[in-house]
Amino acid sequence: MNLLKSTGTIAGLTMVSRIFGFVRDIILARVLGAGAAADAWQLAFQLPNIFRRLFAEGAFSAAFVPLYNRKMEEDEQRSAAQNFAIDVLSVFVPILLIFSAIMMLAMPAIIWFIDDFGEGGRTTDFTISLARITFPYLGLISVTTLFAAILNSVSRFAAAAAAPIMLNICMISALLIAMAITNGSIAANSENYWTIRGMELKSSEHLAAYLLAFSVAFAGLLQMLWLFYWARKAGFSFAIRKPKFNADVKELGILILPAVFGAGIYQISRFIDLFFLGRLPEGSFVYLAMADRLNQLPLGIIGIALGTAILPALSRFIAKDDQAGAQRLQSNAIELGMLLTIPAAIALFFAAGPLVTSFYVGGNFEVSDGTTTANVVAALVIGLPAYVLVKVLIPGFFARKDTRTPVYTAGISLLINITLNIILIPVYGIYGLALAGAIAAWCNCAMLYTMLHRRGHYRIELSLLLRILRITLSALGMAVVLIYTAPLGEGLYDGNIWQRIGSITALVSVGGLVYAVLAWATGAVDRDKITMLTKKKAAEEAAQEGQ
């Protein structure tokens, strides 16, 4: 597999999605601000998305891909793999329907629990209604994930990586429609009234939130149809059968349950964060969501892309008992991930203020909201390299059908996260919550590597450690330049649109250029390996020969 090409395909399309996501959040910040309606929307939106990333994209993909690849190896005609997928789909869909129905019925209790047992002021009919409208997205996108896993297993990454763009387009459209209905006047004290689902809405922010909720459910349907089309085009056909718990489906189920914890530490942490956020002041859901958007940009482009790209190839190496090939693949993934992630984390830490101001401040999102969000960003990105490393290390277990070990490390990390939240939140508020998650991520990363090392599955070579050191030093050199150049743009970061674009573009360009020069000069970039990874033939030879 051409690792750089596969990662680049996923990362490039993920970047397009993240750009649309930024546009969405820029409009969202100005339309909803950081008030009660915005908090209600963020809570309603995060619930299905946390479950999606935890169960569908995390646990399901991690467990399904190795089994599906095994079926592909057994039968070149793909009939065994296709039957396996149909069996899984036939069991998967009824379970999703039942789970979604239960969650929607229990939504008042769920919101009450998150909202400091109803004391946080967010347990309202409005919040509950929004959450019920958005939650069907989980079922739709979970079926979409099965189609995506099939395409990824045959190294067709583009269609699945492009699917999230649809969600952002639908949400942007909903916001624009809301602004058009109110003649561009979105304000908390609007004199207009609307009635949706029997509820009288006394603010245009409520209208915008409802349209956003419906757009999420509609986007889930579009994404499912999109991946279904591409899976059919790849030669697969699907049919719903009577649910049958055969040996293969049972094996998948056994792998999924522990994989929920092993692959989903980040999402489990986010769910725990909801519980603690419900006990913080109004706007906390918004601050974390906006900050996490910046944190998710490199995590999604680099970490998720690498994890998605290497799992099928790593599974094939393990199936062939090629331990050397598996070692090289993970080392290459770590090196490529750190080459991009460490500078991203350091840049976000030192330039969070200008970035947040340029992207979000304006309309109902005030300067004080931007300051709080920037500080949350700085705390979150401390754990960014760890989150990416976890995405690269976990496939080392799942490719060997070991989903138990990541459960133990994830469980310990969760306990660390909860303990730190209890200690830090009373002192630092929302900043303590973000920092606790970052520290827990590093603990999880350390434990995962230790277990791989002890079992002889993977060991970081001295050359890779030295490479990471050079990368870090180069990124710190960039940080020094950012510290002195960022203040030069004061007054422009919150100016008109062209001033914002120009100032941020200049700041990012300077930082990127300095890092690139330092990385090249210090040898942080392995020129031969980058050249090798960009050439398919050379990459294949390297995988076979160890060079």
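Before any of the text, the structure's been laid out above.
Residues numbered from 1 in each chain as written. Predicted model: local features only at pLDDT ≥ 70, side-chain atom pairs only at ≥ 80, totals over all residues. Heavy atoms only, no water.

1. Here we look at the nonpolar core
Core analysis: the largest hydrophobic core is formed by 115 residues, its most contacted members being Trp41, Leu47 and Ile334. Take this core: its biggest share by element is 12 residues, from helix H12 (residues 323–359). Apart from residues lying up to four places away in sequence, Trp41 is in contact with Leu28, Leu32, Leu130, Thr134, Met171, Ala209, Leu212, Ala213 and Val216. In this structure, Met72, Phe92, Leu146 and Met224 belong to the second largest nonpolar core, which totals 36 residues. (Core = buried A, V, L, I, M, F, W, Y, C linked by side-chain atoms within 4.5 Å. Buried < 20%, exposed > 50% of the residue type's maximum accessible area, 1.4 Å probe, protein only. Helix = DSSP H or I, 4+ residues; strand = E, 2+ residues; numbered from the N terminus. Contact = heavy atoms within 4.5 Å.)

2. Side note on the state of the cysteines
A complete count under the given rule lists zero disulfides for this structure. Cys443 forms no disulfide, and the closest cysteine sulfur to it belongs to Cys445, at a distance of 9.9 Å. Here Cys445 falls in the buried class, since its relative accessible area comes to 7%. (Disulfide = S-S within 2.5 Å.)

3. Considering helix H19 (residues 497–522)
In this model H19 runs 37 Å from its N-terminal to its C-terminal C-alpha over 26 residues, within 8% of the 38 Å that 1.5 Å per residue would give. Of all the residues in H19, the buried ones are Arg500, Ser503, Ile504, Leu507, Gly511, Tyr515 and Ala519. The N-cap residue of H19 is Asn496: its side-chain oxygen and the backbone nitrogen of Trp498 are 3.0 Å apart. Taken from the residues just after H19, Gly523 is the one with a positive phi, measuring 85°. (Expected span 1.5 Å × (residues − 1). Polar contact = N/O pair within 3.5 Å; in protein donor to acceptor, adjacent residues only side chain to side chain.)

4. So, the packing of helix H5 (residues 125–134) against helix H8 (residues 204–233)
One way to put it is that H5 packs onto H8 with a least axis distance of 8 Å and a crossing angle of 20°. Taken as axis vectors, H5 and H8 run roughly parallel relative to one another. The chirality of how H5 crosses H8 is right-handed. In contact with Phe126, Ser129, Leu130, Ile133 and Thr134 of H5, H8 contributes His206, Ala209, Tyr210, Ala213, Phe214, Val216 and Ala217. Per-class residue counts for the contact of H5 with H8 are nine nonpolar, three polar and no charged. (Axes fitted to C-alpha atoms, helices over the stretch in contact; angles between N-to-C directions. Parallel < 35°, antiparallel > 145°, perpendicular 65-115°, else oblique. Left-handed = near helix turned anticlockwise from the far one by under 90°. Nonpolar A, V, L, I, M, F, W, Y, C, P; charged D, E, K, R; others polar.)

5. Structural notes on the packing of aromatic side chains
Within the structure shown, the criterion is met by 15 aromatic pairs. Seen from their ring centres, Phe147 and Phe228 are 5.7 Å apart, and the 55° between their planes marks the pair as tilted. Taken together, the residues span a long stretch of sequence, with Phe147 in helix H6 (residues 136–153) and Phe228 in helix H8 at a distance of 81 residues. Among the residues examined, Phe147 registers a relative accessible area of 4% and is labelled buried. By the ring-pair criterion, three or more aromatic residues cluster together here, those being Trp112, Phe113, Phe117, Phe275 and Phe276. Directly above the aromatic system of Phe117 lies the positively charged group of Arg279, at a separation of 5.1 Å from the ring centroid. Sitting over the ring of Phe275, Arg279 keeps its end group 3.6 Å from the ring centre. (Phe/Tyr/Trp six-rings, centres within 6.5 Å; stacked < 30°, edge-to-face > 60°. Lys NZ or Arg CZ within 6 Å of the ring centre and 35° of its normal.)

6. Side note on the side chain of Ser90
Inspection of the secondary structure assignment puts Ser90 in helix H3 (residues 79–105). On the accessibility criterion, Ser90 (1% relative accessible area) is buried. Here Ile86 takes part through its backbone oxygen, which lies 2.9 Å from a polar atom of the side chain of Ser90.

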